[in-house]
Structures are given as structure tokens and as C-alpha cells.
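Results of the structural survey
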Amino acid sequence: MIQLPFFALFLILWAVLYAAAPALRHLSMIAAERLTRITLRSAVLQRIAAHAGRFRDYVPVALVIAAGGLLAAWAGDAFIDIAELVRSRSETLRAFDVSVQQWAKAHRSDDATSFFAAVTFIGGPAGLAIVVAGAIAVLALFHRYRWAVYLALTTLGGGLINIELKRSFARARPEVAEMIRQSHGYAFPSGHAMGATVAAGALTYLAFRALQSWSARAAAAAFAATFVLAVALSRVYLGVHWISDVAGGVTAGLIWVAVTTVSYEAVRRIRLLRAMRKRAR
């Protein structure tokens, strides 16, 4: 059954993420302890720490921005690499795309086709619209209006960016004869892959905010990653995209969701700090 590898991947990612929490906490404690020792031994660092004391509360904000910047930079570098190959009509890239498509075509089956057709619907515009609209409705019901606005702006913005990127690259899709499902429009970057990445990323962020246990948070992140991979591969399996199209879609989606999420989280933390300072006066 084609579903089993994805279920196994979900379990593996869940286990890895769940096990990573204690290790990350331990590493952060070691880093903090060593930084404290270094500071105590250095008169210069002590003076810097004394003058920077008023900005100490903003360190978590800086860390959030730095982490988001690193993710966006990594995804941006990957997207640029793929985009340059697409723009230059690289024969190496084309050969790789064709070989992957031929492999997928050779391994088609009724079970796999039914599974990937369902996945591609859920990860498509209609499916994601239903999921996101439902999530926004639930958030509004519980008076989480800022979360709802964040989710709406992130997903809508991602869709608009994808349209503009498709127009810019104007890449043709695979031959219609290779397709199991008909699809129109330009190929790069894949709208399904980018949309799934943006929606899953935004919903995972909200899940981290709403859920208390690390086990549940790890499960949400593992499910999101597995879902994005399934949607991306479904487009190649169905013959409507090249593998480089979906890779471009995932990396472009990561850039956008990193930018919006880090912006929202940074603003949220700054507002909380200012509110706490006002109450302390």
C-alpha cells in the first residue's frame, strides 16, 4: 500500500522531533552556562552586559528573527539555484526531471493513483481553501482574531506570489500525454507544492501556539512535513509537474511562511514586552 511509506515517515519524524526536545534543552543549558562563565572571566564582556541590560528582554525577539532569517536564507538560496537552472533551460535539470517522471510513470498503480489523486485535491486550491476557511472560522469562534488574520494573509499572499512567479518563469508543463489528471497554466513553481507548504507551515505555527505538550507539537510538525511531501510527489506522479517544479514550490513556500511567521511572532513579542513594562511602571 502506497500509504504505508508516508505513515512510516510520519512516525519517524514524530519520534525524531519528540526526542530532540530534551537534547535541545540540554544544549541550550550548556551554552548558557558556558556563556555565563566566559562573561564572568572577561571584564569587557561584563561592561557590555551591564550597558545592554535594558535590551536583555529583547534577546528572544532577536533569536526568533535570526532563526527565521536563517530558514528564509537557506530556502532562498535553494530556490535561486533551481530558478537559475529553469531560466537557463539546463539540459542537466531537464534530464533529471524526465528521469524522475519516467520512474514515476513506470510505478503507477490503481492504488497509488487513487491515493495521490486524493492528496492532490486536498493540497490544491479548493482543498486548501476549505481547510484554511474552516480553521479561520474556528479561530474566530474562539476569538483568536489575530491568528485568523495571520493565517488568511499568509495563505492569500502565498497564492498571489505563486501566480506572479509562474508568469515570470512561464515554464511549460510536461506533455499532456504523460498526465493522469489534466492541468493547465504554467509549471514553475508548483502552486500545489507552494500552497501546501505555506498553509501547513502557518497551521503548524498556530498548533505550536495552541498546543501545550511537546508530543502534540511534534506530531503536528511531523504531519505537516509528511503532508507537504505527499502533495509535492502527487504532482509528479500525476504527470502535471516536473520534480524541479515542486522543489521550487516548496522552497518558495518556505521563504514566504518564514517571513510572515517571523514578522508576526516578533511583533507579538514586542507588544507583550511593552505591555509588561507599562504595567510595571
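What you see is a predicted model, and the numbers here were worked out from it, not measured in a lab.

Rules used throughout
Residues numbered from 1 in each chain as written. Predicted model: local features only at pLDDT ≥ 70, side-chain atom pairs only at ≥ 80, totals over all residues. Heavy atoms only, no water. Helix = DSSP H or I, 4+ residues; strand = E, 2+ residues; numbered from the N terminus. Buried < 20%, exposed > 50% of the residue type's maximum accessible area, 1.4 Å probe, protein only. Contact = heavy atoms within 4.5 Å. Core = buried A, V, L, I, M, F, W, Y, C linked by side-chain atoms within 4.5 Å. Salt bridge = Lys/Arg side-chain N within 4 Å of Asp/Glu carboxyl O.

Some thoughts on the overall build of the chain
A count of helical and extended segments in the chain gives ten helices and zero strands. Start at the N end of the chain and walk to the C end: the helices and strands fall as α-α-α-α-α-α-α-α-α-α. Looking at the 281 residues of the chain, the share that counts as buried comes to 38%. Residue pairs in contact within the chain that sit at least 24 positions apart in sequence constitute 82% of those at least 6 positions apart.

Structural notes on the nonpolar core
Generally speaking, a soluble globular protein has its nonpolar side chains buried in company with each other. If you look at the biggest cluster of nonpolar residues, it comprises 28 residues, and the most contacted ones within it are F116, L139, Y150, L151, L206 and F227. Secondary structure elements with two or more residues in this core: α5 (110-122), α6 (125-141), α7 (145-169), α8 (191-210), α9 (214-237) and α10 (243-280). Each residue touching Y150, except ones within four places of it in the same chain, is listed here: A202, Y205, L206, V257, T260, T261 and Y264. Counting eleven residues, the second-largest nonpolar core is a separate cluster that includes V86, L93, V198 and A252.

Here we look at the pattern of salt bridges
For the structure on display, the rule yields four salt bridges. A salt bridge links R167 to E164, with the shortest nitrogen-to-oxygen separation between them at 3.2 Å. Of this pair, R167 and E164 both sit in helix α7, separated by three residues, roughly a single helical turn. The exposure class assigned to E164 is partly exposed, which follows from its relative accessible area of 47%. Linking D245 and R171 is a salt bridge whose minimum nitrogen-to-oxygen distance equals 2.6 Å. On the criterion of sequence distance, the pair formed by D245 in helix α10 and R171 in the loop between α7 and α8 is long-range, its members being 74 residues apart. By the burial criterion, D245 is buried, and R171 matches it.

Details of unusual backbone geometry
The step from F188 to P189 runs through a cis peptide bond, and the omega angle for that step is -10°. One can find P189 in the loop between α7 and α8. A positive phi angle, close to 55°, is found at R89, a residue other than glycine. Residue position: R89 is located in the loop between α3 (59-87) and α4 (91-106). The backbone phi angle of H143 is positive, close to 65°, even though this residue is not glycine. Its relative accessible area of 57% is what places H143 among the exposed residues.

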